[in-house]
Amino acid sequence: MKDLIKFVQKAVQTRSYSDEEEDMAILLVNEMKKLQYDEAYIDSTGNVIGRIGSGQTIIHFDGHMDTVEVNDGDLWQQPPFSGYVVDGYLWGRGSVDMKSALCAAIYGAAKARDLGYLDDKTVYVSGTVCEEYCDGVNLKLLYDELKVKPDYCIICEPSGNVITLGHKGKALIRITTHGISAHGSAPEKGKNAVYEMAEIIQRVDKLNQSLSKEGPHGTIVLSDISCVSASLNAVPSSCSIYLDRRLALGETLDQVKNEMNKLIEGKDASWEVGTLIHHSWKGKELYYEPMHDPWMIDKTHPLTQALICSYERVYGSEVNQFDFWDFGTNAIIPVSLGIPTIGFGPGEYKLAHMRDEHCSVDQILKASDIYCQLINEL
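Bear in mind the structure is a predicted one, so any value in this text is a computation, not a measurement. (Residues numbered from 1 in each chain as written. Predicted model: local features only at pLDDT ≥ 70, side-chain atom pairs only at ≥ 80, totals over all residues. Heavy atoms only, no water.)

1. Quick notes on helix H5 (residues 137–146)
Residues three or four positions apart in an α-helix share a direction because the helix packs 3.6 residues into each turn. Within H5, 7 of the 10 residues are buried, which leaves the element mostly enclosed by the surrounding structure. Taken residue by residue, H5 has Val137, Asn138, Leu139, Leu141, Leu142, Tyr143 and Leu146 as its buried positions. Backbone geometry just after H5 places lysine 147 at a positive phi near 55°. (Buried < 20%, exposed > 50% of the residue type's maximum accessible area, 1.4 Å probe, protein only. Helix = DSSP H or I, 4+ residues; strand = E, 2+ residues; numbered from the N terminus.)

Below is the structure:
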């Protein structure tokens, strides 16, 4: 599978920050055509879509093309866009999150075809855009344009080649306090929106403390703060904070809404979902409303059982552990559509977004074989 590793190296060498995925998209389409995919093209959003087969059972593998930026490249042990293989690891930005897995899926699907595993099956492999900002929106637009609803979806985010059954939910919230502007020399004539926010911030900290407990639990963090003031000599008329609330299994978005109401209780304040409006590299509007419940697929589900069997065939050993991501992924869309969804991919996810990102070559190769076997099992 030297060709697969060379392909991953090229992918890492192709910089593809969010909203700058065009070169990466072209690379993926060209490789799919080289592997003789039945279809390989870029959709109107900028996602790459590859199809092999035309059967009734539709299997979808998804990986995002975009990466976070590198601002400390001179401090990396290996150049961040080198794609060097050193001591059994492929180095560079995106090697873990998540070009290795995406390339492995592209090759895994082609291998499944060559081995005759596609009887009455259609396999899609997608390279999606802007996941780092707007997870899930890319797949919603992709499914709408394709007019397809897969029977199974595999999210190829890094999991260290551990079968991952789900992930936490997410709610991004903006709280705004409302004040009255006045000259800085006469603050008593105004109402300071920052002071109004101060107690709310303390409440946020206390809420996070109350959520913390042994085992899986939700979290909340204040990730941004700003105020509006007529000048540096004026009382701020408004103040906003942005909150990142992660939901453990058993927590709900209704619970989060009640928490937000309590945070602003007795204050001249309001809250709203922290909606983001982004644009893909092709100019498509990405409207992202970050309110997602946690999810988990059952270990007894046919998709889980098929992946277990595939893993055991490739590794030659029993599955003895499962994982549950504490971050969000594109899975929120197939899950919301009732599509059985599971996670599996090479790379230690704790290395994602970090300096010296690197991925095990052995995991990449085995992940590709497992994707191939999974197509056969389904």
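2. Some words on the environment of aspartate 205
Relative to the helices and strands, aspartate 205 is located in helix H6 (residues 193–211). For the pair aspartate 205 and leucine 222, spaced 17 residues apart in sequence, the C-alpha to C-alpha distance is 8.3 Å.

3. Thoughts on the packing of H6 against helix H7 (residues 253–263)
Running from N to C, H6 and H7 point in directions that differ by 140°, and their axes come no closer than 10 Å. Pair H6 / H7 crosses with right-handed handedness. On H7, the residues that touch Ile200, Arg203, Val204, Leu207 and Leu211 of H6 are Glu259, Lys262 and Leu263. (Axes fitted to C-alpha atoms, helices over the stretch in contact; angles between N-to-C directions. Left-handed = near helix turned anticlockwise from the far one by under 90°. Contact = heavy atoms within 4.5 Å.)

4. Examining the side chain of asparagine 138
Note that asparagine 138 resides in helix H5. A distance of 2.7 Å separates a polar side-chain atom of asparagine 138 from the backbone oxygen of valine 129. Aside from chain neighbours lying at most four places away, what touches asparagine 138 is Asn47, Thr128, Val129, Cys130, Glu131 and Asn330. (Polar contact = N/O pair within 3.5 Å; in protein donor to acceptor, adjacent residues only side chain to side chain.)

5. Let's talk about the pattern of salt bridges
Applying the stated criterion across every chain, the model contains 20 salt bridges. The salt bridge involving lysine 34 is made with glutamate 31; its shortest N-O contact spans 3.6 Å. Of this pair, lysine 34 and glutamate 31 are both found in helix H2 (residues 22–34), 3 residues apart, which corresponds to roughly one turn of the helix. Classification of glutamate 31 by relative accessible area gives buried; the value is 7%. (Salt bridge = Lys/Arg side-chain N within 4 Å of Asp/Glu carboxyl O.)

Geometric values such as these leave the question of function open.
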